[in-house]
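Next come the chains, spelled out residue by residue.
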Amino acid sequence: MVNHLFLPLVVPLISAALSVMLGRWRLLTRTLTLGASLFNLGYSGWLLWLVSSAGRQVTQASAWAAPFGIALVADLLGAVMLFLAALLMFCTIIYSLLSMEPEYEQFFYYPLLLLLLLGVSGAFLTGDLFNLYVWFEVLLMSSFGLVTIGGSRAQLTGGLKYVALNLIGSTMFLIGSGLIYGLAGTLNMAHIGERLITQSEPGLTTVIATLFLFAFGSKAALAPLFFWLPESYHTPPPAVSAIFSALMTKVGVYALYRVFGTVLPGELVRLAPLILVLGGTTMVLGVFGALNQTEIRRVLSFTIISEIGFVAMGLGFASAAGLAAGLLFTAHMMIVKTALFFLAGAAEQVCGTGDMRRMGGLARREPALATLWFLAMIALAGIPPMSGFFGKLALLQAGVSQGHYLISGWAVLVSLFIFLAILKIWHEVFWKKPVEDLSQRPRLAPALLIPGALLVILSLVIGIGAGPVAELSTQAGTQILDLPGYIEATCGPAGCDAVTLRSH
Amino acid sequence: MYDSIILRSVARLMLPILLMLAVFMLLRGHNLPGGGFIGGLVASCAIILQLVAFGPEAARRVLRVNYLGLAAFGVFFAALWGLPSLIGGQPYMTSLWIPEPIPGVGKIGTPVLFDLGVFFGVIGVTTQIALLLAEERRPRETHDAGTPAT
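Residues numbered from 1 in each chain as written. Chains lettered and ligands numbered in written order. Predicted model: local features only at pLDDT ≥ 70, side-chain atom pairs only at ≥ 80, totals over all residues. Heavy atoms only, no water.

S.K.: Explain the overall build of chain B to me, please; I cannot follow it from the model alone.
M.R.: Each helix and strand counted, chain B has 6 helices and 0 strands in total. Seen in sequence order, chain B has helices and strands lined up from the N terminus as α-α-α-α-α-α. Here chain B has a C-alpha radius of gyration of 19 Å; the compact-globule value for 150 residues is 15 Å, and the former is much larger. In terms of overall dimensions, chain B has C-alpha extents of about 55 × 45 × 20 Å along its principal axes. The 150 residues of chain B split such that 37% are buried. A fraction of 64% describes how many contacts in chain B between residues 6 or more apart in sequence connect residues 24 or more apart. Summing over all exposed atoms, chain B offers an accessible surface of approximately 8,900 Å²; the carbon and sulfur share of this is 69%. Across chain B, 10 positive and 8 negative side-chain charges occur, with their mean positions spaced 3 Å apart. (Helix = DSSP H or I, 4+ residues; strand = E, 2+ residues; numbered from the N terminus. Rg over C-alpha atoms; globule rule 2.2 N^0.38 Å. Buried < 20%, exposed > 50% of the residue type's maximum accessible area, 1.4 Å probe, protein only. Contact = heavy atoms within 4.5 Å. Areas by Shrake-Rupley, 256 points an atom, 1.4 Å probe, with all protein chains shown as cover. Lys, Arg positive; Asp, Glu negative; His and termini not counted. Charge placed at Lys NZ, Arg CZ, Asp CG, Glu CD.)

And the structure:
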């Protein structure tokens, strides 16, 4: 047992509270925000190294033993996601410092970002199902603040849909948690997993699992519950879109992987065909939506949905290889999508609009932006040497080796359409002649490209160093399905029931 | 604002009583029903009662603080008192107590200070919400409440 796992939660919380108290001094608020996110980045990088070398790390809050107290468990899945969240939040904060209009700061923009980081980090670390729900609420509240910041009509409409659907999802999650508490008598994830091995009721467990699939599926934007996403992602400022695309759906993905992979592996096998069908549907609906859009960030939002289908496919394979490939693909997608949103925000700033019909000529005018976009685009499409190629390759390998030929072929086909959708942006925004006279508009500040460039380079590094990264994800995939190991890490070698019996 | 002489007389009497009850609730809360959350609710009831009886200006005069700042301070203070246990090699929020109880107050330890943070946080949030609702004007008439809806 270690006692430092609370730090990535306490530091953003304290910094957020301090920045609300001291909001008058803007420089101080910005420094605090940047400092807290930098701390989380450093800490989670170190934690990832620790977890990959020394195995799972556990902290029992207030020193209460696991099934009674609240345990924080960091395994490879959680540590990888925690690291990516901190990294992308750090890049977003840099991008916000460079691009955000100062008026937003009086609406507590930076504290809301920190609270979002808090909620996301809590969700990735918690070992308790009900706490997962609480962290979902924390990040939902701060994201509702972020999505409506500025208060334009389009934002409020999108925000309302976002909140309404997320509340329905949360309610399903709560009902599922209540039922599982009735069935297993505990909410500690390790303990649930342990109890369900012996006292599972097949029908009821499937009902609970389906409720969870609905709840997390709506948060991950899985078909048919994805319509909140394109409504709300393109209306706020680009920095907010970027961090939403980086984190919001991925928390849903994480919850699906954690709950179905670790806690309810039996139900994963039972529901796998349904998950595969939903994944395939999500892929194709997302990409067709993307082809139909004319606004640059709307196209990107729809391609997120499509890629969520790929991640769900990895889960639907119900194997360590599938989960590992899904995790690798999720990591790639978080990095590249955030970079694309940063670059799209820069392109919108140059053209003064996000409507692709009125944009154009950026390849000649902003060659650095165009180069970065091109690299991010081929990463998204899955062309080597960028990270996307290996993510998709791993998914297809897992699918073909298990005999899922139909969905694998389907995924290849959808990939071509994703490339087409993103190529459309390339053509409309960068390649074609400018529609409007851009010579009067101010030039792009090169600093604005730094966060995007950083992420594109990271994608390239993952692509080139695919060996170690794939090894790490394979290790993570095995670890997700290793329920006995998870129980041992959380409650000790004798299991959670031994702890509760000892206390009688 | 509710123009009633009975309500106003009662509200004037109840203000000190409710505030004292709030502190009592806060301090007994570790082992008995009560605590920072309940205490905070009782204290904000005292302020909201002034709001109902005398209007928002009078309610603002009860405690001349920025309630949002108070809420943030509460969160900060509560989160802060989980940290000392880390120095002793214990997990976050492990309780630390002084060995001897103080007469009249009881035992003091980090949970009491944590509760105090919760107390401030709850007063800040609930009172801020009530005051914002009471002071709300129609968005078309005023533009100082935020960016206007377009």
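S.K.: Please clarify how helix H19 (residues 466–481) of chain A should be interpreted in this entry.
M.R.: An α-helical turn contains 3.6 residues, so any two residues separated by three or four positions project in the same direction. All names here are of chain A. Over its 16 residues, H19 extends 23 Å from the first C-alpha to the last, a length consistent with the 22 Å expected when each residue adds 1.5 Å. Along H19, the residues that are buried comprise Ala 466, Ser 473, Ala 476, Gly 477, Gln 479 and Ile 480. In an axial view of H19, the angular spread of the buried residues amounts to 165 degrees, which keeps them on one side of the axis. Facing away from the buried side of H19 by more than 90 degrees, the exposed set consists of Pro 468 and Glu 471. Contact partners of the buried residues in H19: helix H3 (76–99), helix H10 (238–263), helix H13 (320–351), helix H16 (387–401) and helix H18 (450–464). (Expected span 1.5 Å × (residues − 1). Arc of directions from axis to C-beta.)

S.K.: Please clarify how the pattern of salt bridges should be interpreted in this entry.
M.R.: Where charged atoms of side chains with opposite charge meet at close range, the side chains can pair. All names here are of chain A. For the structure on display, the rule yields 13 salt bridges over all chains. Between Glu 267 and Arg 270 there is a salt bridge whose closest N-O contact spans 3.1 Å. A residue pair is termed a helical-turn pair when its members lie 3 or 4 positions apart in one helix, as Glu 267 and Arg 270 do in helix H11 (residues 265–291) at 3 residues. Accessibility expressed as a relative area gives 47% for Arg 270, which makes it partly exposed. A salt bridge links Arg 365 to Glu 366, with the shortest nitrogen-to-oxygen separation between them at 3.8 Å. On the accessibility criterion, Glu 366 (7% relative accessible area) is buried. Shared partners join several salt bridges into a network, and the residues in it are Lys 161, Glu 231 and Arg 298. (Salt bridge = Lys/Arg side-chain N within 4 Å of Asp/Glu carboxyl O.)

S.K.: Hey, could you run me through the packing of H3(A) against H13(A) in this one?
M.R.: Describing two packed helices takes the angle between their axes plus the distance from one axis to the other. Residue and element names in this part refer to chain A. Following both chains from N to C, one finds H3 and H13 inclined at 5 degrees, their axes separated by 11 Å at the closest point. With respect to H13, the axis of H3 lies roughly parallel. Here H3 contributes Leu 77, Met 81, Leu 84, Ala 85, Leu 88, Cys 91, Thr 92 and Tyr 95 to the contact with H13, which in turn contributes Leu 327, Thr 330, Ala 331, Met 334, Ile 335, Thr 338, Phe 342, Gly 345 and Ala 346. Partitioning the contact of H3 with H13 into residue classes produces 13 nonpolar, 4 polar and no charged. (Axes fitted to C-alpha atoms, helices over the stretch in contact; angles between N-to-C directions. Parallel < 35°, antiparallel > 145°, perpendicular 65-115°, else oblique. Nonpolar A, V, L, I, M, F, W, Y, C, P; charged D, E, K, R; others polar.)

S.K.: Would you take a moment to explain the state of the cysteines for this structure?
M.R.: All names here are of chain A. Taken as a whole and judged by the stated rule, the model has 1 disulfide over all chains. With its sulfur 2.1 Å from that of its partner, Cys 491 forms a disulfide with Cys 496. Given an S-S torsion of about 80 degrees, the disulfide between Cys 491 and Cys 496 has right-handed geometry. Here Cys 491 and Cys 496 have matching classes, each one buried. (Disulfide = S-S within 2.5 Å.)

S.K.: Please clarify how the interface of chain A and chain B should be interpreted in this entry.
M.R.: How large an interface is tends to be reported as the accessible area lost when its parts come together. Contact with chain A, which involves 22 residues of that partner, is made by 22 residues of chain B. The three residues of chain A that bury the most area against chain B are Asn3(A), Ile14(A) and Met21(A), which together make up 29% of that side's buried surface. For the pair chain A and chain B, the interface holds 0 salt bridges. Scanning the region where chain A abuts chain B turns up 3 residue pairs in polar contact (both at pLDDT 80 or more). If you tally residues by element for the side of chain A that touches chain B, the top one is helix H1 (residues 7–21) of chain A, at 8 residues. Taken together, the residues of the side of chain A that touches chain B sort by class into 14 nonpolar, 7 polar and 1 charged. (Buried area = accessible area lost by both parts, 1.4 Å probe. Polar contact = N/O pair within 3.5 Å; in protein donor to acceptor, adjacent residues only side chain to side chain.)

S.K.: Would you explain the environment of Ile175(A) in this entry?
M.R.: Tracing the sequence through the fold places Ile175(A) in helix H6 (residues 153–184). The spacing of Ile175(A) and Met313(A) is 138 residues in sequence and 26 Å in space, taken between C-alpha atoms.

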